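# Remarks on the overall topology
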Amino acid sequence: MSANSADAADRVDVALVKSGRVKIRYPAELLHDDGTRITVRAPWAGDGVRDFGFVRFEPGDVFTEYYWRDRWYAVKEVRTGQGTLKGWYCDITRPAALSGGELVVEDLDLDLWRSADGGTVLRLDEDEFAASGLAARDPHAAEAAVRALDALELLARGDGFGNLLA
């Protein structure tokens, strides 16, 4: 279903779940839902500035977020409030679920960053992933998460996410 259809809600609540609890919940504008990929747009939902060293997320930033019902990741295009592209922040997640105006995504700790110019690609939080115990608790999910991170890194180091997000 397209976000332009008469049955589509204009807004959804995105719930990022980590370790069985909601880590953050924020409202987003539903841009598109084709039954496989869900696209939303939301302002930076964090409190104040979050400086990662390689990028700063701050009030006014706008995230266009792409979630899949059949893939183990989400890709978030990050722009300043003036529209300047900062880059893409990718979360490794279980496939997304949208129901009743709520988009639920389970974060599996692994992340990837690609700068706007493609010059910086970083695998993030591999230590958190290892410490999470997912490999022992759910080996299938852990393997899917690592495969998803590897696939995203190949895209990020290649032509980027253009074909994936088109």
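An account of the accompanying structure is given in this report.

### Thoughts on the overall build of the protein chain
Scanning the protein chain for helices and strands turns up four helices and 11 strands. For the protein chain, whose C-alpha radius of gyration is 15 Å, the value lies close to the compact-globule estimate of 15 Å for 166 residues. Seen through its C-alpha atoms, the protein chain measures out along the principal axes to roughly 45 × 35 × 30 Å. Here the protein chain, with 166 residues, has 43% of them falling under the buried criterion. Put simply, 45% of the contacts in the protein chain that link residues at least 6 apart link residues at least 24 apart. On the protein chain, roughly 8400 Å² of surface is accessible, and the fraction owed to carbon and sulfur atoms is 48%. The distance from the centre of the 20 positive side-chain charges to the centre of the 29 negative ones in the protein chain is 1 Å.

### Overview of the pattern of salt bridges
Using the criterion set out here, one finds 16 salt bridges in the structure. A salt bridge links Asp-33 to Arg-69; the shortest N-O distance between them is 2.7 Å. Of this pair, Asp-33 sits in strand S2 (residues 21-33) while Arg-69 sits in the loop between strand S6 (62-68) and strand S7 (73-79), and the two are 36 residues apart along the sequence. Accessibility expressed as a relative area gives 28% for Arg-69, which makes it partly exposed. Between Lys-76 and Asp-91 there is a salt bridge whose closest N-O contact spans 2.7 Å.

### Some points on the packing of aromatic side chains
Summed over all chains, the structure comprises 11 aromatic pairs. Connected via pairs of aromatic rings, a cluster forms that spans Trp-44, Phe-52, Phe-54, Phe-57, Phe-63, Tyr-89 and Trp-113.

### Observations regarding the environment of Ala-97
Following the sequence through the fold, Ala-97 ends up in strand S9 (residues 97-99). With a relative accessible area of 41%, Ala-97 lands in the partly exposed category. Taking the C-alpha atoms as reference points, Ala-97 and Ile-38, 59 residues apart in sequence, are found 9.4 Å from one another. Excluding residues that lie within four positions of it along the chain, Ala-97 makes contacts with Glu-102, Leu-103 and Val-104.

### Describing the pairing of S2
Here eight bridges tie strand S1 (residues 11-18) to S2, and the two strands are oriented antiparallel to one another. Directly across from Arg-11, in S2, lies its bridge partner Glu-29. Between S1 and S2, which pair antiparallel in sequence order, lie two residues; one of them, Ser-19, sits at a positive phi of approximately 55 degrees. Bridging between S2 and strand S3 (residues 37-43) involves four bridges; their strand directions are antiparallel.

Rules of the game
- Residues numbered from 1 in each chain as written.
- Predicted model: local features only at pLDDT ≥ 70, side-chain atom pairs only at ≥ 80, totals over all residues.
- Heavy atoms only, no water.
- Helix = DSSP H or I, 4+ residues; strand = E, 2+ residues; numbered from the N terminus.
- Rg over C-alpha atoms; globule rule 2.2 N^0.38 Å.
- Buried < 20%, exposed > 50% of the residue type's maximum accessible area, 1.4 Å probe, protein only.
- Contact = heavy atoms within 4.5 Å.
- Areas by Shrake-Rupley, 256 points an atom, 1.4 Å probe, with all protein chains shown as cover.
- Lys, Arg positive; Asp, Glu negative; His and termini not counted.
- Charge placed at Lys NZ, Arg CZ, Asp CG, Glu CD.
- Salt bridge = Lys/Arg side-chain N within 4 Å of Asp/Glu carboxyl O.
- Phe/Tyr/Trp six-rings, centres within 6.5 Å; stacked < 30°, edge-to-face > 60°.
- Pairing = 2+ DSSP bridges.

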